[in-house]
Amino acid sequence: MLSCWRVQYAAHVIRHGGVIAYPTEAVWGLGCDPWDAAAVYRLLRIKQRPLEKGLIVVADNIRQFDFLLHDLPKEWKDKLSSTWPGPNTWLVPHQNRLPGWVTGVHQTVALRVTDHPLVRELCALSGPIISTSANPAGRPAARSRLKVEQYFSGELDAVLGGALGGRRSPSVIRDLETGQVFRP
């Protein structure tokens, strides 16, 4: 894959502890390295999001989640494989393999394999990243770069320009074990 310099730069920023904004399938997102506590806490502060809620982690392919999925029941892995890449976020048992600054107070973590080409390229270069809507808590999610800049002027390390993926609403969030829908 030959990536453009903008995506390479955004991946570099993430790998070096930065917080970025980027277009996703339906809305703009904020992202950082899920393993970097300082970056995640900074993202939470910028967004005014409580730690307890937990965050979504997005990847470019299911293999990036092997450390979480390798010992799950086959039917669960088949369910994930059949819906990814795509607009499906699954709550998956994390078995304490991810830090609390990502999972919040939950025994599950929200995972998605994106089908947005720019985000896939970004994750291929940086590894899985945090993906949370680009808006201060309680405000509408940004659907344009201008809105991102209005919300977070001077607080982000980079904004990866590009088009939204064309969906009208964010991904469905479901529990992998029960199938319960948390966000339609």
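On a predicted model such as this, the values are computed, not experimentally measured, just so you know. (Residues numbered from 1 in each chain as written. Predicted model: local features only at pLDDT ≥ 70, side-chain atom pairs only at ≥ 80, totals over all residues. Heavy atoms only, no water.)

Along strand β1 (residues 20-23), one buried face is formed by Ile20 and Tyr22 and the opposite face, lined by Ala21 and Pro23, is buried too. The pairing of β1 with strand β2 (residues 28-31) spans 4 bridges and is antiparallel. Of the residues in β2, the one forming a bridge with Tyr22 is Gly29. Sheet topology places β1 next to strand β7 (residues 158-159); 2 bridges connect them, and they run parallel. In the sheet register, Ala21 faces β7, and the bridge partner there is Val159. (Buried < 20%, exposed > 50% of the residue type's maximum accessible area, 1.4 Å probe, protein only. Helix = DSSP H or I, 4+ residues; strand = E, 2+ residues; numbered from the N terminus. Pairing = 2+ DSSP bridges.)

Here we come to the UniProt feature "domain: YrdC-like" (unreviewed entry) in the chain. Within this structure's numbering, the places UniProt gives as "domain: YrdC-like" (unreviewed entry) are residues 4-184. For residues 4-184, the helix share is 32%, the strand share is 21%, and the end-to-end C-alpha distance is 34 Å. (UniProt positions renumbered as here; feature names shortened; annotations may be inferred.)

Core analysis: the biggest nonpolar cluster contains 35 residues, and Leu69 and Leu111 have the highest contact counts within it. Looking at this core, the elements with two or more residues in it are β2, α2 (37-47), β3 (56-59), α3 (66-69), α4 (74-83), β4 (88-93), β5 (108-113) and α7 (145-152). Not counting chain neighbours up to four residues away, the residues in contact with Leu69 comprise Ile62, Lys77, Leu80, Trp84, Val92 and Leu111. With 15 residues, the next largest nonpolar core counts Ile20, Leu122, Cys123 and Leu160 among its residues. (Core = buried A, V, L, I, M, F, W, Y, C linked by side-chain atoms within 4.5 Å. Contact = heavy atoms within 4.5 Å.)

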